[in-house]
Amino acid sequence: MELMVLLNALVTRLLFVLHSLIGVWRVTAVKKEPKYWLLALLNLLLCLETGLTLRFKQGRGYKWFSPAIFLYLICIVPSLWLLEIHHGTQYCGNEPGAVQVNVSNQDFNQSRDNSHGSEGTDHHIIQTAKVFVNQLSTICETVWTLALHQTFLLLLVVGRWLLPIGVEITRDQLSQLLLMFVGTAADILEFASETLDIEDVRKNYALINAILAVWTWSMLQFPLDLAVQHIGCKPSASARRIPSLLLCRYSAELWNIGVSLFIQDGPFFIVRSILMGHFRIFNQMLVFFTAKNILVVTLQLYRLAVITLDFRATVLQKSRKGEVCCCPCEPYDACAHATGHQENKMKEFVAFPPKEESQAPSEDH
């Protein structure tokens, strides 16, 4: 089992490094400047994290946060930024894929014939690899950029699945997290491709930078696992204020609402509203996804109101019965009964008496 854990940890991080290197290669090929290979140095952070995780955690993950996913974002996001800013300088035909496949097959056949006529199998493999790389370089720039976006989001989900989980998260929680990531990744890809493909947006570099900034901001939810984990509550939580108790009991749901309002659907709605309201950009898909963002934000606010009212009603009901919940993260049947803060303190005193006083009665007997 430990061998599989180490293997999954290494293979996943190797996939992250490989994909980020492909992104750096595309930036260098598009910009035609070798200095952009310096972006590959960002992978040293991921290599350092790999060594530390293997040394101190035996390859397993951390609680609430995935450093490997976060460092992978740092490695690949700059390359995608540069490719999107440089987007559209290469002409793409209506069906570039079919033309390029035919050309590549022809070149492969030519290289195979030449290799059989001149040298052996080794030379044939090298020539075939060279032709394959050259044909990859001729693929349309926009196709490359979209493919990197798609594989990036898919690799985030698959990588989070392959990464060994820590002791704090269960497999049931991981499955819930992965299902949420699939829907989140689809929404983020739709936002980036749908808005950046608008011709009027491509002419405005300020808009491109703003959209990419919101896109990057939305990526920050992937390294976090708070959406399926509750914050642990201590028995002394009864002395906390009501907002702290609410956060303690509904931490996972409140995190989901916060992500939707402030990291994903809320910012997406603001960007699309600016495009339609200020820049007068309208199309069918833009209007549809704006309406979708409005609906999601409204439902999340409604869900927040339901949680707050339900929690308030429960607290009032318990207070009338003279019950105060010691740990809102547990069922209310497990709560202690008391008439006030002083009686709660008395019950804690009885449950955990001081050492000196607890020994005094035994001496009398």
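Everything quoted here is computed from the prediction, not taken from an experiment.

Cut-off values and rules
Residues numbered from 1 in each chain as written. Predicted model: local features only at pLDDT ≥ 70, side-chain atom pairs only at ≥ 80, totals over all residues. Heavy atoms only, no water. Helix = DSSP H or I, 4+ residues; strand = E, 2+ residues; numbered from the N terminus. Buried < 20%, exposed > 50% of the residue type's maximum accessible area, 1.4 Å probe, protein only. Contact = heavy atoms within 4.5 Å. Areas by Shrake-Rupley, 256 points an atom, 1.4 Å probe, with all protein chains shown as cover. pLDDT = per-residue confidence, 0-100. Core = buried A, V, L, I, M, F, W, Y, C linked by side-chain atoms within 4.5 Å. Domains from an automatic or database assignment. Salt bridge = Lys/Arg side-chain N within 4 Å of Asp/Glu carboxyl O. Lys, Arg positive; Asp, Glu negative; His and termini not counted. Polar contact = N/O pair within 3.5 Å; in protein donor to acceptor, adjacent residues only side chain to side chain. Phe/Tyr/Trp six-rings, centres within 6.5 Å; stacked < 30°, edge-to-face > 60°. Lys NZ or Arg CZ within 6 Å of the ring centre and 35° of its normal. Axes fitted to C-alpha atoms, helices over the stretch in contact; angles between N-to-C directions. Parallel < 35°, antiparallel > 145°, perpendicular 65-115°, else oblique. Left-handed = near helix turned anticlockwise from the far one by under 90°. Nonpolar A, V, L, I, M, F, W, Y, C, P; charged D, E, K, R; others polar. UniProt positions renumbered as here; feature names shortened; annotations may be inferred.

**Things to note about the overall build of the protein**
- Of regular secondary structure, the protein possesses 15 helices and zero strands.
- Of all 365 residues assigned to the protein, the portion counted as buried reaches 38%.
- When contacts within the protein are restricted to residue pairs at least 6 apart in sequence, long-range pairs at least 24 apart make up 75% of them.
- Summed over its atoms, the accessible surface of the protein is roughly 21100 Å², and 65% of this surface lies on carbon and sulfur atoms.

**Points about the confidence of the model for the protein**
- Summing up the model confidence of the protein, the mean pLDDT is 78 and the portion of residues at 70 or higher is 72%.
- The least confident element of the protein is helix 14 (residues 341-351), whose mean pLDDT is 45; the most confident is helix 12 (residues 265-277), at 95.
- Contacts from residues 94-104, a stretch scored under 50 in pLDDT, to residues over four places away or in other chains number six contacts.
- With pLDDT under 50 throughout, residues 355-365 is counted as low confidence; its partners more than four residues away or in other chains account for two contacts.

**Quick look at the nonpolar core**
- By size, the foremost hydrophobic cluster in this structure holds 53 residues, and its most contacted members are Phe-152, Leu-156, Val-201, Trp-215, Met-219 and Phe-222.
- Where this core is concerned, the elements lending two or more residues are helix 1 (2-31), helix 3 (67-85), helix 6 (141-162), helix 7 (171-196), helix 9 (205-219) and helix 12.
- Looking at this core, you find at least three residues from each of domain 1 (1-90 + 141-227) and domain 2 (229-324).
- Excluding anything up to four places from it in sequence, Phe-152 contacts His-19, Tyr-72, Leu-73, Ile-76, Val-77, Leu-80, Trp-215 and Met-219.
- Judged by nonpolar contacts, the second largest core, of nine residues, contains Leu-246, Tyr-250, Leu-254 and Ile-307.

**Description of the pattern of salt bridges**
- The final tally for this structure, using the stated rule, is nine salt bridges.
- Among the ionic pairs, Glu-2 bridges to Arg-60, the shortest N-O distance being 3.8 Å. Of this pair, Glu-2 sits in helix 1 while Arg-60 sits in the loop between helix 2 (43-56) and helix 3, and the two are 58 residues apart along the sequence.
- A network of salt bridges, in which partner residues are shared, links Asp-187, Asp-265 and Lys-292.

**Some details on unusual backbone geometry**
- Despite not being glycine, Lys-32 has its phi angle at roughly 60 degrees, a positive value.
- Residue placement: Lys-32 occurs in the loop between helix 1 and helix 2.
- Since its relative accessible area comes to 69%, Lys-32 is described here as exposed.

**Details of the side chain of Glu-141**
- Looking at the element boundaries, Glu-141 is found in helix 6.
- The buried charged residue Glu-141 lacks any salt bridge partner; its closest oppositely charged side chain belongs to Arg-26, at an N-O distance of 6.1 Å.
- Side-chain polar atoms of Glu-141 contact the side chain of His-86, separated by 3.2 Å.

**Focus on the environment of Arg-312**
- As for its position among the elements, Arg-312 is in helix 13 (residues 284-320).
- Of the residues examined, Arg-312 reaches a relative accessible area of 54% and is grouped as exposed.

**Remarks on the packing of aromatic side chains**
- One pass over the structure, following the stated rule, counts nine aromatic pairs.
- Taken together, a centroid distance of 5.2 Å and an interplanar angle of 75 degrees make the contact between Phe-288 and Phe-289 edge-to-face.
- What links up through ring pairs into an aromatic cluster is the set Phe-16, Tyr-72, Phe-152 and Trp-215.
- The ring of Trp-25 has Arg-26 lying over it, and the distance from NZ or CZ to the ring centre is 5.4 Å.
- Here Arg-55 stacks its cationic end above the ring of Phe-56, 5.2 Å away from the centre of that ring.

**Notes on the packing of helix 7 against helix 12**
- Packing of helix 7 against helix 12 brings their axes to within 12 Å, and their N-to-C directions diverge by 20 degrees. When the interaxial angle is binned, helix 7 and helix 12 end up roughly parallel. At the point where helix 7 passes helix 12, the crossing takes the left-handed sense. Of the residues in helix 12, those touching helix 7 at Asp-187, Ile-188, Glu-190, Phe-191, Glu-194 and Thr-195 are Phe-268, Val-271, Arg-272 and Leu-275.
- Split by residue class, the contact of helix 7 with helix 12 holds five nonpolar, one polar and four charged.

**Things to note about the UniProt feature "transmembrane region" (unreviewed entry) in the protein**
- Those places that UniProt annotates as "transmembrane region" (unreviewed entry) correspond, in this numbering, to residues 6-24, 36-56 and 62-83.
- The annotated region residues 36-56 carries 67% helix and 0% strand content, and the separation between its end C-alpha atoms amounts to 33 Å.
- Structurally, residues 62-83 is divided into 77% helix and 0% strand, and its ends, taken at the C-alpha atoms, are 32 Å apart.

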